[in-house]
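Listed below are the residues making up each chain.
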Amino acid sequence: GVVSGQRLSYHRTIPDITLRLFTYLVPLLLLTSCQKYAADKLPEERLHFGNSGGFTGEIREYILLLNNGRILFNNQSTGELEKIGNMNKEGLLALKAGLANIDFTAAQNKPANRNTLLALHSGGKTQNLQWSGPKNAPSEAASHYFQQLMANVRVLREAKTGKDKT
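Source: prediction; values computed, not measured.

**Focus: the sheet that holds strand β3 (residues 70-74)**
Spatially, the six strands line up as an open sheet ordered β4-β3-β2-β1-β5-β6, and their pairing is antiparallel. Pairing within the sheet leaves two strands with one partner each, and these edge strands are β4 (81-86) and β6 (125-132). Neighbouring strand axes in the sheet, compared pairwise and without regard to direction, differ in orientation by 20 degrees on average. The sheet contact formed by strand β1 (residues 46-53) and strand β2 (residues 58-65) spans eight bridges and is antiparallel. Among the inter-strand pairings, Ser 52 is bridged to a residue of β2, identified as Ile 59.

The structure is reproduced here in structure tokens:
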């Protein structure tokens, strides 16, 4: 037993402390690296873009999170948001700057067989821009911007499939 007046002391060894830290940090790191997004819990500042229509009426929607450059694919068949990848900081800054050149109040084309969509969610508002076909974009800036977004998606998808093969 303990003699009265004697203090108990706990001597922690370095490996014990390291093991304890490891036990807490690893699950935390796994949770943050595998972060799943739900459609109703997305960050407020984001840009939705994609195509819809055609023979099948398929919707291909991507979401760019403006706070961190992550691009997600809204998989309509599973209802899940799939991570495509992260844009680099320079690319994200360039796309954010390019948003200033898009006139979301431009005349909207009526939906047709194939449609293109840009939807900016920012400051509690949503601004939509939709057009049918590449030649009917409301402005050269909107058309070019959409092409840049899709080029980023292609690069990230190729990088992802390259990683999956190794």
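**Here we look at the packing of aromatic side chains**
Using the criterion set out here, one finds three aromatic pairs in the structure. Measuring from centroid to centroid gives 5.2 Å for Tyr 62 and Phe 73, while their planes differ by 45 degrees, and the two rings are tilted. With a gap of eleven residues between them, Tyr 62 in strand β2 and Phe 73 in strand β3 connect regions that are remote in the sequence. On the basis of relative accessible area, Tyr 62 is assigned to the buried category, the value being 3%. Residue Phe 73 is classed as buried on the basis of its relative accessible area of 8%. Ring geometry for Trp 131 versus Phe 146: centroids 6.2 Å apart, planes at 80 degrees, classification edge-to-face. Residue Trp 131 is found in strand β6, and its partner Phe 146 is found in helix α3 (residues 140-165); the two are separated by 15 residues along the sequence.

**A look at the pairing of β2**
Two successive antiparallel strands, β1 and β2, enclose a turn made up of four residues, where Gly 54 displays a positive phi of approximately 85 degrees. Across four bridges, the pairing between β2 and β3 is antiparallel. When the sheet's bridge partners are listed, Tyr 62 is paired in β3 with Phe 73. Between β2 and β3, which pair antiparallel and follow one another directly, the connecting turn spans four residues, one of which, Gly 69, has a positive phi of 80 degrees.

**A word on the side chain of Thr 116**
Within the fold, Thr 116 resides in strand β5 (residues 114-122). Within the structure, Thr 116 has its side chain in polar contact with the side chain of Asn 51 (distance 3.4 Å). Not counting chain neighbours up to four residues away, the residues in contact with Thr 116 comprise Gly 50, Asn 51, Leu 129, Gln 130, Trp 131 and Phe 146.

**Notes on the pattern of salt bridges**
One pass over the full model with this rule turns up one salt bridge. In this structure, Arg 60 engages Glu 58 in a salt bridge whose closest nitrogen and oxygen atoms are separated by 3.7 Å. Relative accessible area serves as the criterion here: at 42%, Glu 58 is assigned to the partly exposed category.

**Points about the environment of Met 87**
Counting through the fold element by element, Met 87 comes out in the loop between β4 and α2 (89-99). For Met 87, a relative accessible area of 10% puts it in the buried group. For the pair formed by Met 87 and Leu 64, sequence separation is 23 residues and the distance between their alpha carbons is 9.2 Å. When residues no more than four places from it in sequence are discounted, the contact partners of Met 87 are Leu 64, Gly 69, Ile 71, Leu 92, Leu 95, Asn 152 and Leu 156.

Analysis parameters
Residues numbered from 1 in each chain as written. Predicted model: local features only at pLDDT ≥ 70, side-chain atom pairs only at ≥ 80, totals over all residues. Heavy atoms only, no water. Pairing = 2+ DSSP bridges. Helix = DSSP H or I, 4+ residues; strand = E, 2+ residues; numbered from the N terminus. Axes fitted to C-alpha atoms, helices over the stretch in contact; angles between N-to-C directions. Phe/Tyr/Trp six-rings, centres within 6.5 Å; stacked < 30°, edge-to-face > 60°. Buried < 20%, exposed > 50% of the residue type's maximum accessible area, 1.4 Å probe, protein only. Polar contact = N/O pair within 3.5 Å; in protein donor to acceptor, adjacent residues only side chain to side chain. Contact = heavy atoms within 4.5 Å. Salt bridge = Lys/Arg side-chain N within 4 Å of Asp/Glu carboxyl O.

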